[in-house]
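# Inside the fold
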Amino acid sequence: MNILTYIALATTLLIGTTAKAQNMGERFTSFADFQLGTVKLSNIQDQLGAAEVIETGEAGEYIASVCYNTPHGVILFFAGELDGSEHDLGGFGFAKKTERKPCGNWSATSTAPTLDIGGLRLGITLKEFTDIVDTSVRVEGDRAYAVFESKEIMTKEEISHLSKEAQAMIKKGELQNYSDVLISVIAIFSEERLVELNVWKTETL
């Protein structure tokens, strides 16, 4: 089961549950000095060094990824179908080890970060995970999913990048002036301890 499948399962958590405010999920969207949705995989390669882009799946199952070995474990960066042909950074995470090969080595000129995203780190228990994310958690076998849904009002600059037709529709109130934001935090456990963590952020009109 790949990461986008995890997201599809995770979105079912939204049915019948109260969504948390966006700032709750935003805690998990920054890692290793990268913010989801603000850079491309190529920018990460430029900064951290050579690492092969691996592409898997098609359509909704498509994922492009790069990964780096560090003394603490493996750090992974992802772009999905919704992240465009230029591979905007849609997800990241870390793992004790990964079957996704090959990985590059973290840049010798940059200190490898602690594997910690919003307080989530390797070795924590499911209870610790649940306490930290502080929202409803769905458990499927050895995987746990936490989902944060919110709405983000578009800035004037963002609206200006839309087509003239879309801008006119927003002005008339015929098209929403905000994007729906979904942040999915996916934890994988082995022997009751976290061994892999992935975070994805998607924004749709």
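Relevant structure appears above.
A brief report on the enclosed structure follows. (Residues numbered from 1 in each chain as written. Predicted model: local features only at pLDDT ≥ 70, side-chain atom pairs only at ≥ 80, totals over all residues. Heavy atoms only, no water.)

This next bit is on the pattern of salt bridges. Going through the model one piece at a time under the given rule, you end up with 7 salt bridges. One salt bridge in this structure joins Lys127 and Asp131, with 2.9 Å as the shortest N-O distance. One end of the pair, Lys127, and the other, Asp131, are both in helix H4 (residues 126–133), 4 residues apart, so they sit about a helical turn from each other. In this structure, the salt-bridge partner of Arg138 is Glu140, at a minimum N-O distance of 2.8 Å. We classify Arg138 as partly exposed; its relative accessible area is 35%. (Salt bridge = Lys/Arg side-chain N within 4 Å of Asp/Glu carboxyl O. Helix = DSSP H or I, 4+ residues; strand = E, 2+ residues; numbered from the N terminus. Buried < 20%, exposed > 50% of the residue type's maximum accessible area, 1.4 Å probe, protein only.)

Turning to unusual backbone geometry, a few remarks are in order. With an omega dihedral of -5°, the bond running from Lys101 to Pro102 counts as a cis peptide bond. Inspection of the secondary structure assignment puts Pro102 in the loop between strand S6 (91–95) and strand S7 (104–105). Despite not being glycine, Glu191 has its phi angle at roughly 55°, a positive value. As for its position among the elements, Glu191 is in the loop between strand S12 (178–190) and strand S13 (193–204). Using a relative accessible area of 76% as the deciding quantity, one classes Glu191 as exposed. Residue Glu192 is not a glycine yet carries a positive backbone phi of 70°. Structurally, Glu192 can be placed in the loop between S12 and S13. With relative accessibility at 66%, the residue Glu192 sits in the exposed group.

What follows deals with the environment of Phe31. Within the secondary structure, Phe31 is located in strand S1 (residues 30–31). Sequence separation between Phe31 and Ile117 is 86 residues; the distance between their C-alpha atoms is 6.1 Å. The contacts of Phe31, once residues within four sequence positions are left out, are Ile75, Phe92, Gly93, Phe94, Thr114, Leu115, Asp116 and Ile117. (Contact = heavy atoms within 4.5 Å.)

Another aspect to go through is the environment of Ser179. Checked against the element boundaries, Ser179 lands in strand S12. Judged by its relative accessible area of 7%, Ser179 is buried. In sequence terms Ser179 and Glu152 are 27 residues apart; their C-alpha atoms lie 5.3 Å from each other.

Counted by the stated rule, this structure contains 8 aromatic pairs. Summarising the aromatic geometry, the rings of Phe31 and Phe92 are spaced 5.6 Å apart at their centres and angled 70° between planes, so their arrangement reads as edge-to-face. Within this pair, whereas Phe31 is found in strand S1, its partner Phe92 is found in strand S6, the two being separated by 61 residues in sequence. By relative accessible area, which is 3% here, Phe31 ends up buried. By relative accessible area, Phe92 is classed as buried at 0%. Here the aromatic rings of Phe78 and Trp200 are separated by 5.5 Å at their centres, their planes lie at 20°, and the arrangement is stacked. You can see Phe78 sitting in strand S5 (residues 73–80) and its partner Trp200 sitting in strand S13, a full 122 residues away along the chain. Here the two residues Phe78 and Trp200 agree in accessibility, since each one is buried. (Phe/Tyr/Trp six-rings, centres within 6.5 Å; stacked < 30°, edge-to-face > 60°.)

Keep in mind that these numbers describe shape and distance, not what the molecule does.
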